Amino acid sequence: MRNTIEADEEMLYSDKEIHFDESLTIEGRAVFENCKIYCCENGNGSSMEIEEDGELEFINCEIIFCDVGVSKQKNYEFCFISSDNGSMKIKDCKLYNLYHFADGSYQELEVTNSEFTNCMAEVFDTDTDYDGTISECRFISRNDNDDKEEACTNKKVAVKKAAVKKAAGKGMYPLIRGYFDISDCTFEFGVDMDLYALELEDISSVSNCTFVNDERVPAELLQDYTTCIHCKFTTL
């Protein structure tokens with residue numbers, strides 16, 4: 001089932017625990033504040049679509065992908081949030097186990113002061129027309145989280161990196177792909193994660209960021225006219 005927020009509507013979801021089992025089309029504005037949101041439970045393929053001029057905002061939320069391996073094996077092309085020239089803001093949030101989180105084209109995409117834990121690939125794979133910003137965020141993916149269990153629908157769901165590899169095929173995958181200005185962020189990976197932080201387009205910029213165990217540093221992936229200044233690269 002798919003629900004729709006019409007162009008002249010604004011919906012506020014506040015202080016709720018949400019089990020996302022129905023798809024949502026956003027033509028107007030949707031705001032999730034202080035919510036705990038469970039996605040992809042039991043292979044559920046429900047998603048969000050932001051239409052042109054639609055707006056989606058997450059403030060101080062927890063977003064948890066649950067049965068991610070099963071869901072993506074069923075449909076590798078699935079992405080939880082897709083946009084057709086809409087806008088999205090994520091502020092002060094904690095996000096877990098994301099895989100193919102957001103794609104499409106965005107008038108504005110702004111992510112600030114948020115933590116991304118155990119994310120697996122292509123968190124953002126977007127076209128932002130030079131107006132995408134990610135600042136003061138932490139992206140931490142380590143081997144010791146491969147079999148981390150999260151409480152979803154009152155039961156334990158094992159999130160295994162091996163299942164995602166089977167769905168996606170072998171290779172290395174970026175967490176972020178597109179046009180972005182990225183500043184004051186940390187990207188940290190465990191050993192042999194088959195992940196790297198960034199694959200950015202022209203006119204992007206990266207500043208004051210720290211990269212830990214990134215096997216493909218941005219210098220190898222940034223196109224002409226993209227800058228990377230005051231960054232730190234370390235291995236553990």
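Residues numbered from 1 in each chain as written. Predicted model: local features only at pLDDT ≥ 70, side-chain atom pairs only at ≥ 80, totals over all residues. Heavy atoms only, no water.

Draft legend 1. Fine view of the confidence of the model for the chain. Taken as a whole, the chain shows an average pLDDT of 81; of its residues, 75% reach a score of 70 or greater. Across the chain, the secondary-structure element scoring lowest on mean pLDDT is helix H2 (residues 161–168), at 43, and the one scoring highest is strand E8 (residues 55–59), at 98. Confidence drops under a pLDDT of 50 for residues 70–74, and excluding neighbours within four residues, the segment shows 14 contacts in the predicted structure. Taken as a whole, residues 154–169 scores under 50 in pLDDT and shows 42 contacts with residues more than four places along the chain or in a different chain. (pLDDT = per-residue confidence, 0-100. Helix = DSSP H or I, 4+ residues; strand = E, 2+ residues; numbered from the N terminus. Contact = heavy atoms within 4.5 Å.)

Draft legend 2. A look at the pattern of salt bridges. Using the criterion set out here, one finds 7 salt bridges in the structure. The partner of Asp-125 in a salt bridge is Arg-177, and the shortest N-O contact between them spans 3.2 Å. One end of the pair, Asp-125, is in strand E14 (residues 124–127); the other, Arg-177, is in strand E19 (residues 173–178), with 52 residues separating them in the sequence. In this structure, a network of salt bridges that share partners links the residues Glu-10, Arg-29, Glu-55 and Glu-57. (Salt bridge = Lys/Arg side-chain N within 4 Å of Asp/Glu carboxyl O.)

Draft legend 3. Structural context of the sheet that holds strand E3 (residues 17–19). Read across the open sheet, the 9 strands follow the order E3-E6-E9-E11-E13-E16-E21-E24-E26; overall the sheet is parallel. Whereas interior strands pair on both sides, the edge strands pair on one side only; in this sheet they are E3 and strand E26 (232–234). The sheet shows a mean angle of 10° between the axes of neighbouring strands, direction not considered. Here strand E11 (residues 94–96) pairs with strand E13 (residues 115–117) via 3 bridges, running parallel. What sits directly across from Tyr-96, in E13, is Thr-117. (Pairing = 2+ DSSP bridges. Axes fitted to C-alpha atoms, helices over the stretch in contact; angles between N-to-C directions.)

Draft legend 4. Representation of the environment of Glu-10. When you line up the elements, Glu-10 lands in strand E2 (residues 10–14). Exposure remark for Glu-10: the relative accessible area of 55% places this residue in the exposed category. Considering only alpha carbons, one finds Glu-10 and Val-31, 21 residues apart in sequence, at a separation of 7.9 Å. A distance of 2.9 Å separates a polar atom in the side chain of Glu-10 from a polar atom in the side chain of Arg-29. (Buried < 20%, exposed > 50% of the residue type's maximum accessible area, 1.4 Å probe, protein only. Polar contact = N/O pair within 3.5 Å; in protein donor to acceptor, adjacent residues only side chain to side chain.)

Draft legend 5. Representation of the pairing of strand E22 (residues 195–200) within the structure. In terms of residue burial, E22 counts as a mostly covered element, since 5 of its 6 residues are buried. With 5 bridges connecting them, E19 and E22 associate as parallel partners. Bridging from a neighbouring strand, Arg-177 pairs with Glu-199 of E22.

Draft legend 6. Structural detail: the environment of Gly-104. By the element assignment, Gly-104 lies in strand E12 (residues 102–112). On the basis of relative accessibility, which here comes to 26%, the residue Gly-104 falls in the partly exposed class. Through-space distance from the C-alpha of Gly-104 to that of Thr-128 is 8.4 Å; in sequence the pair is 24 residues apart.

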